[in-house]
Amino acid sequence: MTAGPPLDREVLRRKSAPLLLCERARAQPDSVAFRSKHLGRYRERRWCDYAALVAHTSRAFAALGLCRGDRVAIMGDACEEWGICDLAAQSLGAIVYGIYPTAAASEVEYQLRDGGAALFIAENQEYVDKILPFADRLRDLNWIVVIDDSAMFGYEHHKLRSYHALLAAAEEVDLAWLEQQAERIDPGAPAFIVYTSGTTGAPKGAVVTHGKHLAAAANIVEHYPILAQKAHRTVGYLPLCHVLGRDVATTLPLVSRLVPHFGEHSEDLATTLFETAPSVLFTVPRYLQKLAAHVLLGIHNSSGIKRRTAELAMKLARGHAQRRWSGESGFAQDALYRACRAGVFAPILNKLGFDRLELVICAGAPLPAQTMALWQMLGVNVVEMYGQTETAGGIICGQRGPFARPGDVGTAPLGWQVKLAGDGEVLVKSPDLFEAYWNNPEATRAIKGEDGWLRTGDIGEWCDGALRLVDRARDFIVTSGGKTISPSFIENILRTSPYVAEAIVFGDGRNYLTALIEIEAETVSDWARSHDVPYTGFTSLATNADVVRLIGAEIERANGELSRPEQIKDFRILPKALDPEEEGEPITPTRKVKRHLMYERFKTLVDAMYDDREQRLIAASAAV
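Please read all numbers here as calculations on a predicted model, not as lab measurements.

**Describing the overall build of the protein**
Phase 1: Along the protein, the regular secondary structure elements total 24 helices and 25 strands.
Phase 2: In terms of C-alpha radius of gyration, the protein reaches 25 Å, essentially the compact-globule figure of 25 Å for 624 residues.
Phase 3: Overall, the protein is about 75 × 75 × 55 Å in size when its C-alpha atoms are taken along their principal axes.
Phase 4: Relative to its full complement of 624 residues, the protein shows a buried share of 55%.
Phase 5: Taking the contacts inside the protein whose residues are at least 6 apart along the sequence as the reference set, 66% of them involve residues at least 24 apart.
Phase 6: By element, 52% of the accessible surface of the protein is carried by carbon and sulfur atoms, the whole surface being about 26500 Å².
Phase 7: Between the mean site of the 69 positive side-chain charges and the mean site of the 78 negative ones, the protein shows a separation of 4 Å.

Here it is in structure tokens:
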């Protein structure tokens with residue numbers, strides 16, 4: 001069995017991703033780099049194939065006049081062409097950044113202006129349509145290249161070019177040509193920009209250099225050495241414009257033995273997971289929560305004997321998980337759990353494509369402890385890790401497992417320092433952090449101190465040597481009674497309900513807490529059908545009295561886990577689903593809530609939950 005590439009962060013700091021690609025193509029030309037599904041079949045790409053595709057695309061981009069320092073924006077779902085175009089542009093010294101596929105048109109225009117992209121690469125017609133209305137107003141934009149132009153009949157624009165036509169016109173070049181390009185790259189130069197979510201203002205572009213990114217991402221492999229010990233199948237589905245998505249699809253395969261698989265359609269993740277049966281999966285809490293909801297609903301809707309068997313197995317699994325966390329074991333009890341795992345849980349996991357998973361790493365947002373516990377009860381080794389865009393692809397902390405106790409984000413990787421400021425803010429120091437915010441020195445100074453410590457904006461605390469995240473520093477709620485409360489803690493508990501897609505807690509300066517709830521349309525509609533509740537669409541579901549009672553019961557369940565000041569006293573269901581592609585929507589493309597905008601948008605709903613008679617009486621009495 002071939003060992004993974006050796007990791008030496010000092011060496012990686014002197015290289016780039018295109019150079020590593022060339023090295024892998026020389027050393028392991030016939031090993032599988034990734035697989036992607038086309039026309040119903042998975043196509044295997046070897047390292048030599050991968051390098052040849054990048055070289056050919058690089059030559060085509062050079063023919064367009066792409067130069068060192070130019071910016072290239074890519075918009076589309078995770079696919080093989082995204083990564084190929086990314087590395088091809090980097091090999092010419094260009095700076096790449098992705099735009100979230102769900103970004104509204106105004107956000108697309110803002111990022112193209114802010115980044116000053118000379119080249120915009122669109123996966124297909126959908127993304128071309130987002131840019132054409134204002135393409136002529138972008139002074140820096142020279143070309144729009146579309147990868148899949150099969151649906152683009154009658155499109156005419158002087159900046160528009162077909163990706164495949166460019167490749168057909170470009171001269172064939174070999175690996176030696178690509179190596180020459182890669183060797184000219186300055187490892188200390190910017191490789192890419194990652195735009196933050198922009199929950200409190202316009203998104204900021206974090207600039208990441210070539211060498212620092214490779215060294216930062218290597219800390220994931222060092223923290224989880226299983227990634228380098230043997231070949232592992234994974235699924236590349238996270239947005240590649242996000243630093244974690246880039247890690248999984250592009251960088252980690254270069255420094256480990258991870259083999260990404262790209263499905264044919266991003267919206268059909270369930271099929272991709274089932275077909276590929278990954279052994280390692282990187283994910284975010286929302287996916288684990290949605291899949292957990294499907295599992296629980298499947299159990300609930302099964303026949304009587306199957307449901308009772310599953311419920312008994314879950315009860316036994318809960319005890320087994322608790323014993324495992326506390327380091328206890330009993331031969332008879334462990335044997336009974338293994339029987340439950342084989343007879344009850346394995347078929348469930350098999351239907352999801354989760355039956356061969358050895359490691360699931362969850363990041364991107366806090367993972368509710370109940371969700372993590374459920375997957376571990378089913379026998380899936382879920383651990384949580386914590387990083388930020390500004391850590392350049394590396395992690396700040398990570399649970400090592402196996403089957404780590406939920407509730408913290410683990411320990412810092414080798415060579416990284418983590419400490420808490422006086423107010424509890426998490427501070428990080430490493431030689432491999434992001435460089436600066438693009439065109440925003442003031443924001444850079446605000447987060448990167450002269451002492452070398454990065455201010456994360458997250459509040460944490462140490463628990464038995466591991467870091468536990470409490471909340472964002474600016475997101476605490478202080479009630480009128482002076483109680484300081486973490487809304488995200490409460491929201492995470494609310495989101496563990498299979499019927500809740502999003503929960504937003506309010507109460508700053510108020511007497512009690514309230515919540516706006518976005519229902520999970522799919523699971524709520526399943527519930528409605530099984531209970532003979534009539535509905536015609538999302539709005540009729542959201543306003544149905546039976547659904548309101550259903551969500552009320554879920555709120556009461558959550559309140560049982562909360563202290564009295566943290567409990568939700570009232571709630572309202574949003575009349576529509578939150579759509580990040582809709583202009584002015586109070587949610588980012590990564591579905592992070594813009595709390596201030598959420599209040600402004602649904603102010604009437606929020607204010608209706610508060611009895612302000614006392615305040616009005618005082619105001620009337622104080623009127624002069």
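Back to the text.
**Some details on the layout of surface pockets**
Phase 1: Its volume calculated, the second largest pocket comes out at about 380 Å³.
Phase 2: Taken together, 15 residues line the second largest pocket, and the ones lying closest to its centre are Gly298, Ile299, Val344, Ile348 and Lys351.
Phase 3: Secondary-structure elements contributing two or more residues to the lining of the second largest pocket are α13 (285-300), α14 (304-325) and α15 (331-352).
Phase 4: For the lining of the second largest pocket, the element with the most residues is α15, which contributes six residues.
Phase 5: Of the residues in the lining of the second largest pocket, the class split is seven nonpolar, five polar and three charged.

**Describing the sheet that holds strand β4 (residues 95-99)**
Phase 1: Spatial ordering of the open sheet is given by β7-β6-β5-β3-β4-β8-β9-β18, a layout of eight strands whose pairing is mixed. Each edge of the open sheet carries a strand with a single partner, namely β7 (160-162) and β18 (436-437).
Phase 2: Packing of helix α9 (residues 210-223) onto the sheet brings it into contact with β8 (190-195) and β9 (205-209), and relative to β9 it is tilted by some 90 degrees.

**A short note on the environment of Arg68**
Phase 1: Its location among the elements puts Arg68 in the loop between α3 (47-63) and β3 (71-75).
Phase 2: C-alpha separation for the pair Arg68 and Val243, spaced 175 residues apart in sequence, amounts to 22 Å.
Phase 3: When sequence neighbours within four positions are dropped, the list of residues in contact with Arg68 reads Leu92, Gly93, Ala94, Arg184 and Ile185.

**Some words on the side chain of Glu81**
Phase 1: Examined against the element boundaries, Glu81 turns out to sit in helix α4 (residues 80-91).
Phase 2: Arg43 provides the closest opposite charge to the buried, salt-bridge-free Glu81, at an N-O distance of 4.7 Å.
Phase 3: In this structure Glu81 touches His38, Ile147 and Tyr163, once residues within four positions along its chain are discounted.

**Brief notes about α13**
Phase 1: Helix length check: α13 (16 residues) gives 22 Å between terminal C-alpha atoms against 22 Å at 1.5 Å per residue, within 8%.
Phase 2: When we look at burial in α13, the residues that qualify are Pro285, Leu288, Gln289, Leu291, Ala292, Ala293, Val295, Leu297 and Ile299.

**Comments concerning unusual backbone geometry**
Phase 1: Of note, the amide linkage connecting Gly401 to Pro402 takes the cis form, showing an omega dihedral of 0 degrees.
Phase 2: On the secondary structure map, Pro402 appears in the loop between β15 (397-398) and β16 (417-420).
Phase 3: Even without a glycine there, the phi angle at Phe403 is positive, about 55 degrees.
Phase 4: Topologically, Phe403 is positioned in the loop between β15 and β16.
Phase 5: One non-glycine residue with positive phi stands out, namely Asp532, at about 55 degrees.
Phase 6: Relative to the helices and strands, Asp532 resides in the loop between α19 (521-530) and α20 (538-543).

**A word on the nonpolar core**
Side chains of a nonpolar character, in soluble globular proteins, are inclined to be buried together.
Phase 1: With 157 residues, the main nonpolar core has Leu112, Phe120, Phe282 and Trp375 as its most contacted residues.
Phase 2: When residues no more than four places from it in sequence are discounted, the contact partners of Phe120 are Ala73, Met75, Ile99, Leu112, Tyr127, Ile131, Leu141, Trp143, Ile144 and Val145.
Phase 3: Of all hydrophobic cores here, the second largest spans 30 residues; its members include Ile485, Ala558, Leu562 and Phe571.

**A few points about the pairing of strand β11 (residues 258-262)**
Phase 1: Among the five residues of β11, five are classified as buried, and the element is accordingly described as predominantly covered.
Phase 2: Of the two faces of β11, the one holding Leu258, Pro260 and Phe262 and the one holding Val259 and His261 are both buried throughout.
Phase 3: In this sheet, β11 lies alongside strand β10 (residues 232-235) in parallel orientation, the contact comprising four bridges. Counted as the bridge partner of Arg233 is Val259 from β11.
Phase 4: For the handedness criterion, the β-α-β arrangement of β10, helix α11 (residues 243-255) and β11 is classed as right-handed.

**Some details on the pattern of salt bridges**
Phase 1: Inspection of every chain in the model, using the stated rule, returns 34 salt bridges.
Phase 2: In this structure, the salt-bridge partner of Glu10 is Arg14, at a minimum N-O distance of 4.0 Å.
Phase 3: For Glu10, a relative accessible area of 43% corresponds to the partly exposed category.
Phase 4: The salt bridge partner of Glu80 is Arg43, with a shortest N-O separation of 2.9 Å. With Glu80 in helix α4 and Arg43 in strand β2 (residues 41-46), this pair connects stretches of sequence that are 37 residues apart.
Phase 5: Using a relative accessible area of 4% as the deciding quantity, one classes Glu80 as buried.
Phase 6: Looking at Arg43, the relative accessible area reads 32%, which means it is partly exposed.
Phase 7: Each of the salt bridges in this network shares a partner with another, and the network as a whole consists of Glu10, Arg13, Arg14 and Asp432.

**Remarks on the confidence of the model for the protein**
The predicted structure's coordinates, where accompanied by low pLDDT, should not be read in detail.
Phase 1: Looking at the protein, pLDDT values average 90 and 95% of them are 70 or higher.
Phase 2: Segment residues 613-624: pLDDT under 50, and one contact once partners within four positions in sequence are set aside and those in other chains are kept.

**A short note on the packing of helix α2 (residues 17-27) against α11**
Packed helix pairs are characterised by how far apart their axes lie and by the angle those axes make with each other.
Phase 1: Between α2 and α11, whose axes approach to 10 Å, the crossing angle comes to 50 degrees. When the axes of α2 and α11 are compared, the pair comes out oblique. Classified by chirality, the crossing of α11 by α2 is left-handed. Side by side, α2 and α11 meet where Ala17, Leu20, Leu21 and Arg24 of the first sit next to Pro253, Leu254 and Val255 of the second.
Phase 2: Grouping the constituent residues of the contact of α2 with α11 by class yields six nonpolar, no polar and one charged.

**A word on empty space enclosed by the protein**
Phase 1: A full pass over the atoms with the stated rule returns three cavities of 30 Å³ or more.
Phase 2: Roughly 70 Å³ of volume is contained in the largest cavity.
Phase 3: Taken together, Gly98, Tyr100, Glu107, Gln111, Val194, Tyr195, Thr196, Ser197, Pro203, Cys241 and Pro589 form the lining of the largest cavity.
Phase 4: When grouped by side-chain class, the residues that make up the lining of the largest cavity number six nonpolar, four polar and one charged.
Phase 5: Approximately 50 Å³ is the volume found for the second largest cavity.

Parameters at a glance
- For every chain, the first residue of the written sequence is number 1, and numbering continues from 1 along that sequence.
- Confidence filtering applies because this is a predicted model: local features only for residues at pLDDT of at least 70, side-chain atom pairs given and counted only at 80 or more, and all residues used for totals across whole chains, interfaces and linings.
- Excluded from the side-chain calculations are hydrogens and water; all other atoms, namely the structure's heavy atoms, are used.
- Strands here mean DSSP runs of E at least two residues long; helices mean DSSP runs of H or I at least four residues long; both are numbered from the N terminus.
- Here the globule rule reads 2.2 Å times residues to the power 0.38, and the radius of gyration is calculated from C-alpha atoms.
- Buried, partly exposed and exposed residues are distinguished by accessible area as a fraction of the type maximum, computed with a 1.4 Å probe on protein chains only: under 20%, between the cut-offs, and over 50%, respectively.
- Between two residues, a contact is recorded if the distance between any of their heavy atoms is within 4.5 Å.
- To measure how exposed things are, a 1.4 Å probe is used in the Shrake-Rupley method; for residues, cover is taken only from the protein chains shown.
- For this count, His and the chain ends are skipped, Lys and Arg are scored as positive, and Asp and Glu as negative.
- By convention, charge coordinates are those of NZ in Lys, CZ in Arg, CG in Asp, or CD in Glu.
- Cavities and pockets were defined on a 1 Å grid built from protein atoms only: a cavity is a group of points that admits a 1.4 Å probe but offers it no way out, a pocket is an open group of points flanked by protein on both sides within 12 Å along at least five of seven lines, and a lining residue is one with an atom within 4 Å of any such point.
- Grid points are joined across faces, edges and corners, and a volume is the space filled by probe spheres set on the points.
- Think of it as three bins: nonpolar holds Ala, Val, Leu, Ile, Met, Phe, Trp, Tyr, Cys and Pro, charged holds Asp, Glu, Lys and Arg, and polar takes everything else, Gly as well.
- For two strands to be treated as a pair, DSSP must find no fewer than two bridges joining them.
- Here an angle of 0 to 180 degrees is reported between the N-to-C directions of two axes, which are lines fitted to C-alpha atoms, with helices fitted over the stretch in contact.
- Here a salt bridge means any side-chain nitrogen of Lys or Arg lying within 4 Å of a carboxyl oxygen belonging to Asp or Glu.
- For a helix, the expected span equals 1.5 Å multiplied by the residue count minus one.
- Grouping buried Ala, Val, Leu, Ile, Met, Phe, Trp, Tyr and Cys residues that are joined through side-chain atoms within 4.5 Å yields what is termed a nonpolar core.
- Handedness of a crossover: with both strands directed away from the viewer, a clockwise path from the first strand across the helix to the second marks it as right-handed.
- One confidence number per residue, pLDDT, is output by the predictor and ranges from 0 to 100.
- In what follows, roughly perpendicular refers to angles from 65 to 115 degrees, roughly parallel to angles under 35, roughly antiparallel to angles over 145, and oblique to any angle outside these ranges.
- Whether a crossing is left-handed or right-handed is set by the direction in which the near helix is turned from the far one by less than a right angle, anticlockwise for left-handed and clockwise for right-handed.

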